[in-house]
Amino acid sequence: MLNIVIFGPPGSGKGTQSENLIKEYNLAHISTGDLLRKEINTNTELGALAKSYIDKGELVPDEVIINMIDSYLDRMGRVNGVIFDGFPRTVAQAGALRDLLKTYKTKINVCLNLEVPNDELMKRLIERGKTSGRSDDNEETIAKRLATYEKQTKPVLDFYKKEGVAANIKGIGEISAIFDDIKAAVDAKK
Ligand code: AMP
């Protein structure tokens, strides 16, 4: 299997580049943010819980997220590999993912770290907020999400560095040029 973590702050292009990766490598895709928004839109209990965190720019508790990933993997069937998008966002989630993948006799091959400066992230997310309909794409919540990323999510990168699978990718410029760098990094690790 080819398992990829697409990593980076909010607005770094994880969703966009996931779409390119899906096409190029024929992979399954799991975005925990998308799954949570689906729960919100269908008014589930989990959705209501998630919304209370998302609207504050905070992380949904690890246990909730890990359960979601566990049941996704359980139902997934045979695939070439999986792109994990927006997950793991804490070191505890990264450890839980490693343990879960072990039970499937597989692992993360590469963690792609999309690097984009904060002022550019802010600009992109405010622009996206004009059409995304996302309640968390407003200036105040964006600032909180960026702070949450620095404090709780960035340490995940050290986890993957220690595993020898982290690859830094410059996340600014043409989408297709960024994807060329991504392909080179994936092909080097697969
Ligand atoms: P995203 O669409 O990936 O930007 O996620 C939107 C929001 O959903 C985040 O700001 C978090 O509140 C929540 N969320 C998504 N993925 C996770 C995760 N792996 N762990 C905790 N919270 C998450």
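Further up the page is the structure itself.
Since the model is a prediction, treat every value here as computed from it, not as a measurement. (Residues numbered from 1 in each chain as written. Predicted model: local features only at pLDDT ≥ 70, side-chain atom pairs only at ≥ 80, totals over all residues. Heavy atoms only, no water.)

(A) Quick peek at the overall build of the protein chain. Within the protein chain, the secondary structure is distributed over nine helices and five strands. Here the protein chain has a C-alpha radius of gyration of 16 Å; the compact-globule value for 190 residues is 16 Å, and the two agree. Relative to its 190 residues, the protein chain shows a buried fraction of 45%. Considering only intrachain contacts with a sequence separation of at least 6, the fraction spanning at least 24 residues in the protein chain is 76%. (Helix = DSSP H or I, 4+ residues; strand = E, 2+ residues; numbered from the N terminus. Rg over C-alpha atoms; globule rule 2.2 N^0.38 Å. Buried < 20%, exposed > 50% of the residue type's maximum accessible area, 1.4 Å probe, protein only. Contact = heavy atoms within 4.5 Å.)

(B) Spotlight on the site of the ligand. As a structural note, the neighbourhood of the ligand is formed by 16 residues, with Thr32, Arg37, Glu58, Gly86 and Gln93 the closest of them. Within the contact set of the ligand, a nitrogen atom lies 3.0 Å away from a side-chain nitrogen or oxygen of glutamine 93. At a threshold of 2 Å from the grid points, most atoms of the ligand map onto the largest pocket. Sorting elements by how many residues they give to the shell around the ligand places helix H2 (residues 32-41) first, with four residues. Residue composition of the shell around the ligand, by class: six nonpolar, four polar and six charged. (Near = heavy atom within 4 Å. Polar contact = N/O pair within 3.5 Å; in protein donor to acceptor, adjacent residues only side chain to side chain. 1 Å grid on protein atoms, 1.4 Å probe; cavity = no way out; pocket = protein on both sides within 12 Å on 5 of 7 lines; lining within 4 Å. Sits in = over half its atoms within 2 Å of the grid points. Nonpolar A, V, L, I, M, F, W, Y, C, P; charged D, E, K, R; others polar.)

(C) Up close: the pairing of strand S5 (residues 166-170). Of the two faces of S5, the one lined by Ala167 and Ile169 is fully buried and the one lined by Ala166, Asn168 and Lys170 carries no buried residue. As paired strands, strand S4 (residues 110-115) and S5 are joined by five bridges and run parallel to one another. Opposite leucine 114, over in S5, you have isoleucine 169 as the bridge partner. (Pairing = 2+ DSSP bridges.)

(D) Structural view of the side chain of threonine 90. When you line up the elements, threonine 90 lands in the loop between strand S3 (82-85) and helix H5 (91-103). For threonine 90, a relative accessible area of 9% corresponds to the buried category. Here the side chain of threonine 90 touches glutamine 93 through a polar contact of 3.0 Å, landing on its backbone nitrogen. Threonine 90 has contacts with Leu59, Asp62, Gln152 and Val156, leaving out every residue within four places of it along the chain.

(E) Quick look at the environment of proline 61. Mapped onto the fold, proline 61 is located in the loop between helix H3 (45-54) and helix H4 (62-75). The class of proline 61 is partly exposed, set by a relative accessible area of 30%. Taking the C-alpha atoms as reference, proline 61 lies 19 Å from phenylalanine 7; in sequence the two are 54 residues apart.

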